[in-house]
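Fold and contact review
Spelled out, the chains give:
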Amino acid sequence: MGNSSIDRYLEHNSQYASGQALHKPTYPGKQPIQPARRLAVLACMDARLDVEDLLGLQTGDAHIIRNAGGVVNDDAIRCLIISHHLLNTNEIILIHHTRCGMLAFTDDLLKAGLEGDPEAEALLGKATGRAFVSCKRSAATPSAFHAFRGPVEPLDAPRDAKQMERLAWDVRRGMSSILNHPWIPTSGPDAVTVRGFVYDVDSGKLEEVTYPGPMGSVG
Ligand SMILES: [Zn+2]
């Protein structure tokens with residue numbers, strides 16, 4: 001899945017990691033609504049990611065979609081369909097990152113804590129270093145938190161092979177969800193390309209996730 005324009009963003013990323021950001025923060029003047037680089041980025045909301053800076057994007061270049069984890073959920077798909085079919089983007093970049101908070105809990109644990117289970121409250125408090133205050137009520141939404149599959153690790157744990165594997169699993173699941181969506185064309189004249197990356201918050205560097213590949217085990 002070679003792609004010259006995404007490779008240019010990777011070059012920009014190398015410059016960013018070595019201390020030179022290309023993004024200009026000032027108002028660029030009047031611009032068209034369609035992203036100039038025909039790019040859509042889906043990234044985690046983590047405060048340590050500055051998406052425009054780390055890819056060397058300018059205002060007007062790309063749609064930047066962010067949520068907890070950078071997961072391909074219903075709303076991300078909604079954004080990507082609008083981005084492509086109505087606003088002419090044809091490249092999608094997924095960005096997960098090391099030390100992600102989504103590695104440090106499970107959906108069941110967070111739900112139990114919010115609903116008032118004392119054991120879950122204690123575990124979440126210990127994991128985050130913040131007093132977890134249960135709301136002691138149930139709720140129909142969100143239907144999922146999309147915590148990453150695999151054994152839970154401490155919040156903000158440094159990268160290791162297992163962490164990288166769990167991140168890659170989730171990037172691949174996201175890529176698969178996009179590539180197999182009936183309303184996102186991946187062949188023919190209107191095709192969209194998708195590439196996935198893990199951003200290392202300790203180095204500033206993006207690392208590409210191979211695809212296809214493993215998408216997670218229950219062990
Ligand atoms: Zn994150």
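Before reading on, note that the structure itself is shown above.
In this numbering scheme, every chain counts its residues from 1 along its sequence in written order. In keeping with the model being predicted, local features are shown solely for residues with a pLDDT of at least 70 and side-chain atom pairs are shown and tallied solely at 80 or more, while totals for entire chains, interfaces and linings include all residues. The basis for every side-chain value is the complete set of heavy atoms in the structure, and neither hydrogens nor water enter the calculation.

**Quick look at helix 6 (residues 161–179)**
Formally: Numbering goes from the N terminus for both helices and strands, where a helix is a DSSP run of H or I of at least four residues and a strand is a run of E of at least two. Expected helix span is taken as 1.5 Å per residue step, with the number of steps being one fewer than the number of residues. Each residue gets one of three labels from its accessible area relative to the maximum for its type: buried under 20%, exposed over 50%, partly exposed in between, using a 1.4 Å probe on protein chains only. Pairs of N or O atoms within 3.5 Å make up the polar contacts considered here, provided that, within protein, one atom can donate a hydrogen while the other can accept it, and that residues adjacent in sequence are counted only when both atoms are side-chain atoms.
Taking 1.5 Å of rise per residue, the 19 residues of helix 6 would be expected to cover 27 Å, and the 26 Å separating its terminal C-alpha atoms lies within 8% of that figure. Burial runs high along helix 6: 15 of the 19 residues are buried. Between the side-chain oxygen at the start of helix 6 and the backbone nitrogen of K162 there is a gap of 3.2 Å, and the oxygen is on D160.

**Re unusual backbone geometry**
Most of the time, phi is negative for any residue but glycine, and the peptide bond is trans. Residues T141 and P142 are joined by a peptide bond in cis, for which omega reads -5°. Backbone geometry places R99, a non-glycine residue, at a positive phi of 60°. Take R99: it is sitting in the loop between strand 3 (91–97) and helix 4 (107–115). The buried category is assigned to R99, whose relative accessible area is 17%.

**Comments concerning the sheet that holds strand 4 (residues 193–200)**
We count it as follows: Two strands qualify as a pair provided DSSP detects at least 2 bridges between them. Helix axes are fitted only over the stretch in contact, all axes being lines through C-alpha atoms; the angle between N-to-C directions runs from 0 to 180 degrees. It only takes one pair of heavy atoms within 4.5 Å for two residues to be counted as in contact.
Pairing within the open sheet is mixed, and its 5 strands lie in the order 2-1-3-4-5. Looking at which strands have only one partner, the edges of the open sheet turn out to be strand 2 (62–67) and strand 5 (205–208). Within the sheet, the average angular offset between the axes of one strand and its neighbour, ignoring direction, is 25°. Bridging between strand 1 (residues 39–44) and strand 3 involves 5 bridges; their strand directions are parallel. Bridging from a neighbouring strand, L39 pairs with E91 of strand 3. The sheet strands contacting helix 1 (residues 4–17) are strand 1, strand 3, strand 4 and strand 5, and the helix crosses strand 4 at an angle near 10°. Against the sheet, helix 6 touches strand 3, strand 4 and strand 5, its axis set at about 160° to strand 4.

**Quick notes on the pairing of strand 4**
By the criterion of burial, strand 4 is predominantly enclosed, with 7 of the 8 residues buried. Both strand 3 and strand 4 contribute to a ladder of 7 bridges, which runs parallel. Residue E91 lies in a different strand from strand 4, and its bridge partner there is T193. One ladder, built from 4 bridges, connects strand 4 with strand 5; its direction is antiparallel. Across the sheet, D200 pairs through a bridge with K205, a residue of strand 5. Following strand 4, the chain reverses through 4 residues before pairing antiparallel with strand 5; G204 in that reversal takes a positive phi of roughly 80°.

So yeah, pure geometry; function would need other evidence.
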